[in-house]
Amino acid sequence: MKQTAEKTVVAKILTDDLTQSKLDAINHEYEAFQRYIRGDEDIDLYSATKQCADAYVDTDNLRDDHDYPWFIRNDKFDVGVDVEQHDTDLTNWWLKLPVSQVWGGVNVPIQPHDEVPDEADVKDSKIVQEDGDYYAHLTVQQEVEISEEYDGVIGVDFGIRWVATSVALPSRNTEFYGREIRRIRRHHHDLRTRLQQKGAYDTLQSIKAKEYRRVNDRLHKISCAIVEETKERNALIVVGNLEGIQNRDLGAEMNRRLHSMPHHTLTNYIEYKARFAGIAVKSVNEYMTSQTCWWCGEQEATTRKGQGKHLCHECGLDDNADKNGATNIARKGLGKDIACPLSSLGAVCEPALEPSGADQASATVRLRADLEVPASAKRAVRQAK
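Since the model is a prediction, treat every value here as computed from it, not as a measurement.

J.: I'd like to hear about the overall build of the chain, residue by residue, with values.
T.: Tallying secondary structure elements over the chain gives nine helices and 19 strands in all. Buried residues in the chain amount to 48% of all 385 residues. Excluding contacts between residues fewer than 6 apart, the proportion of contacts in the chain whose partners are at least 24 apart in sequence is 64%. For the chain, the exposed area adds up to about 19,300 Å²; of that, 43% sits on carbon and sulfur atoms.

Structure follows, in structure tokens:
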């Protein structure tokens with residue numbers, strides 16, 4: 001099945017390697033863009049960039065204290081490996097930017113966080129300035145073939161203690177991701193509170209930008225790791241629907257922790273990276289996935305101790321709570337009733353669920369082996385009996 005995959009590749013412009021004349025030309029174009037959108041129609045600005053500004057910027061609601069991205073039209077810039085031959089060891093990637101002060105534009109070295117595929121189309125993009133550095137946000141589109149047959153499924157549960165927990169079926173291999181994000185969020189929350197009390201608003205903006213970059217870097221790494229595992233296992237990805245998790249009322253402090261976790265952003269990263277890899281992503285309702293015992297299907301006689309342990313008083317299962325939830329999300333992705341015992345999974349499943357996103361398709365998952373309860377859980381069951 002064909003789908004259009006789209007992602008944004010962020011590439012830092014290596015300004016330290018530029019001549020002063022190139023840097024001056026870029027600075028002029030960026031400042032001219034800011035002046036143009038605020039009404040200076042006679043400013044010296046590349047004509048196609050003026051057209052982009054008219055198309056993308058809502059000039060009726062501009063903030064005086066805010067810089068806006070410099071938009072560039074896709075037919076007026078070029079990006080790739082060695083756009084022209086350059087004598088530098090810094091990077092193989094170059095961006096040719098249209099500027100009014102240099103005929104033909106300027107070639108600048110860039111450091112992208114991800115490669116731009118040769119067969120992909122680069123659409124209208126933008127240049128953003130952060131803490132004195134320039135970053136190109138390149139919008140990339142590509143037609144990809146989405147697989148319709150899988151050998152397994154990976155369920156992803158979003159939480160507070162860990163930003164994400166993944167469980168692969170049938171092996172039930174488990175990975176925990178992003179505990180450090182909680183620490184970063186807590187640290188910067190306390191720091192912002194102190195800065196607000198002191199009235200240090202300029203420093204506050206810089207701290208917010210730093211927090212965003214640190215968290216965003218980790219989200220990209222987490223989503224890459226999840227997609228890489230699914231490629232190795234030829235697995236379908238199943239994620240919990242975020243509406244349920246974000247609507248929970250856990251008390252003021254726990255609500256703050258929950259809403260500070262970037263679950264929506266991580267989901268978006270997983271979806272677009274998976275799509276580029278030809279892997280389908282399905283979204284399921286998280287209802288009862290935390291309370292249900294993944295082994296016997298019990299939903300009433302279960303207990304969750306804090307954010308760590310899931311205990312089943314019916315079969316004696318003692319397991320990690322996030323692992324339990326992710327397992328049930330994976331089972332829901334297979335179209336199975338999580339209240340049924342695990343042995344009912346079967347070998348071949350055709351999930352009656354639609355992929356997240358606009359395109360719809362069915363997927364066949366062939367489980368090569370039945371699941372086995374872990375040894376620790378078996379001991380707990382025997383002790384309970």
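J.: So, the packing of helix α4 (residues 201-233) against helix α7 (residues 263-276): which residues are in play, and what are the values?
T.: Where α4 contacts α7, the two axes come as close as 9 Å, and the packing angle between them is 45 degrees. One element, α4, and the other, α7, form an angle in the oblique class. Considering how the two elements wind past one another, α4 and α7 form a crossing that is right-handed. Residue-level inspection shows Asn216, Leu219, His220, Ile222, Ser223, Cys224, Ile226 and Val227 of α4 in contact with α7, the latter providing Thr265, Leu266, Tyr269, Ile270, Tyr272, Lys273 and Ala274.

J.: Explain the sheet that holds strand β16 (residues 309-312) to me, using residue names and the numbers behind them.
T.: With antiparallel pairing, the three strands of this open sheet are ordered in space as β15-β16-β17. A single partner strand is all that each edge strand has here, and the edge strands are β15 (302-305) and β17 (318-320). The mean angle between the axes of side-by-side strands here comes to 25 degrees, regardless of whether they run parallel or antiparallel. As paired strands, β16 and β17 are joined by three bridges and run antiparallel to one another. Bridge pairing in β17 places His310 opposite Asp319. The strands touched by helix α8 (residues 321-333) are β15, β16 and β17; relative to β17, the strand with the most contacts, the crossing angle is about 85 degrees.

J.: For unusual backbone geometry, give the residues involved together with the corresponding values.
T.: Omega for the bond connecting Leu169 with Pro170 falls within 30 degrees of zero, at 15 degrees, which places this linkage in the cis form. With respect to the secondary-structure elements, Pro170 resides in the loop between β11 (164-169) and β12 (174-177). Phi angles above zero are rare outside glycine, and Asp131 is one such case at about 50 degrees. Tracing the sequence through the fold places Asp131 in the loop between β7 (125-130) and β8 (133-145).

J.: Any chance you could break down α7 for me, citing the residues and the numbers?
T.: In a regular helix each residue adds 1.5 Å, so 14 residues correspond to 20 Å; α7 covers 20 Å between its end C-alpha atoms and thus fits that length. Where burial is concerned, most of α7 is hidden: eleven out of the 14 residues are buried. Residues of α7 that are buried: His263, Leu266, Thr267, Tyr269, Ile270, Glu271, Tyr272, Lys273, Ala274, Arg275 and Phe276. A positive backbone phi angle near 80 degrees is found at Gly278, which sits one or two residues after α7.

J.: Account for the side chain of Thr15, with residues named and values stated.
T.: Its place among the elements puts Thr15 in the loop between β1 (2-13) and α1 (20-37). Thr15 sits in the buried class, given a relative accessible area of 15%. When neighbours within four sequence positions are excluded, Thr15 is seen to be in contact with Leu23, Asp133 and Tyr134.

Scoring rules and cut-offs
Residues numbered from 1 in each chain as written. Predicted model: local features only at pLDDT ≥ 70, side-chain atom pairs only at ≥ 80, totals over all residues. Heavy atoms only, no water. Helix = DSSP H or I, 4+ residues; strand = E, 2+ residues; numbered from the N terminus. Buried < 20%, exposed > 50% of the residue type's maximum accessible area, 1.4 Å probe, protein only. Contact = heavy atoms within 4.5 Å. Areas by Shrake-Rupley, 256 points an atom, 1.4 Å probe, with all protein chains shown as cover. Axes fitted to C-alpha atoms, helices over the stretch in contact; angles between N-to-C directions. Parallel < 35°, antiparallel > 145°, perpendicular 65-115°, else oblique. Left-handed = near helix turned anticlockwise from the far one by under 90°. Pairing = 2+ DSSP bridges. Expected span 1.5 Å × (residues − 1).

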